[in-house]
Amino acid sequence: MNTKTPPAQPHGHAEFVKALQHETISCPIGGCGGPLDVTDLSQVKDRVKTFSLRCPHCGWEGQLRGQETLTPPWDDASLLLMADEHLMHQQPICPFDDTPVVFTSLPNPRRRARYRLSCYYCGRQTDMDWPPAEARR
Ligand SMILES: [Zn+2]
Ligand SMILES: [Zn+2]
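**Q** I'd like to hear about the pairing of strand E4 (residues 102–106), residue by residue, with values.
**A** Pairing between E4 and strand E5 (residues 113–118): 5 bridges, direction antiparallel. Following the sheet pairing, Thr104 is matched in E5 by Arg116. What sits between E4 and E5 in their antiparallel hairpin is a turn of 6 residues, with Arg111 showing a positive phi close to 55°.

In structure tokens form, the structure reads like this:
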């Protein structure tokens with residue numbers, strides 16, 4: 001596990017995933033535990049998301065940030081697995097960090113659907129024709 005987590009970042013990957021999925025995160029201060037206000041500070045072009053956290057009850061503030069790791073890229077098998085899960089209406093996850101992968105549909109000038117797959121924790125990203133050739137059969 002990552003032992004270099006700075007103390008200023010008491011929240012880890014589990015909380016990052018909650019923020020990404022708009023789930024409630026509890027205040028880390030003992031005796032408080034209230035739900036935190038979460039703000040997505042990321043720009044559209046950011047590959048790794050940053051969230052600011054604030055407790056409306058005790059005033060605690062913190063931040064959640066992904067750890068950019070772009071190599072090795074997703075291989076074809078992982079991409080197909082993620083595409084399959086998306087087709088099955090399941091939540092695909094990044095095989096490197098178990099973060100839910102976000103599918104964004106892209107403008108499709110050739111009347112073909114395209115998706116961008118993004119992991120906002122490690123920053124890996126790829127575009128894919130849709131449906132992927134191998135899934136059409
Ligand atoms: Zn609090
Ligand atoms: Zn990832």
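**Q** Got a sec to walk through the sheet that holds strand E2 (residues 50–54)? Specific residues and values, please.
**A** Across a sheet, strands are paired by hydrogen bonds formed along the backbone, either parallel or antiparallel in direction. Spatially, 3 strands are ordered E1-E2-E3 in an open sheet, and the strand pairing comes out antiparallel. Both outer strands of the open sheet, strand E1 (37–40) and strand E3 (61–65), are each paired with one neighbouring strand and no more. The average angle at which neighbouring strand axes cross in this sheet is 20°, direction not considered. Taken together, the 5 bridges between E2 and E3 define a ladder with antiparallel strand orientation. What sits directly across from Leu53, in E3, is Gly62.

**Q** I'd like a description of the environment of Tyr120, backed by residues and values.
**A** Mapped onto the elements of the fold, Tyr120 is located in the loop between E5 and strand E6 (125–130). Spatially, the C-alpha atoms of Tyr120 and Pro100 are 8.5 Å apart, while their sequence positions differ by 20 residues. Those residues within four positions of Tyr120 in sequence are excluded, and the remaining contacts are Phe16, Leu20, Asp46, Arg47, Val48, Lys49, Gly66 and Val102.

Thresholds, definitions, all that
- Residues numbered from 1 in each chain as written.
- Chains lettered and ligands numbered in written order.
- Predicted model: local features only at pLDDT ≥ 70, side-chain atom pairs only at ≥ 80, totals over all residues.
- Heavy atoms only, no water.
- Pairing = 2+ DSSP bridges.
- Helix = DSSP H or I, 4+ residues; strand = E, 2+ residues; numbered from the N terminus.
- Axes fitted to C-alpha atoms, helices over the stretch in contact; angles between N-to-C directions.
- Contact = heavy atoms within 4.5 Å.

The analysis is restricted to geometry; functional conclusions fall outside its scope.
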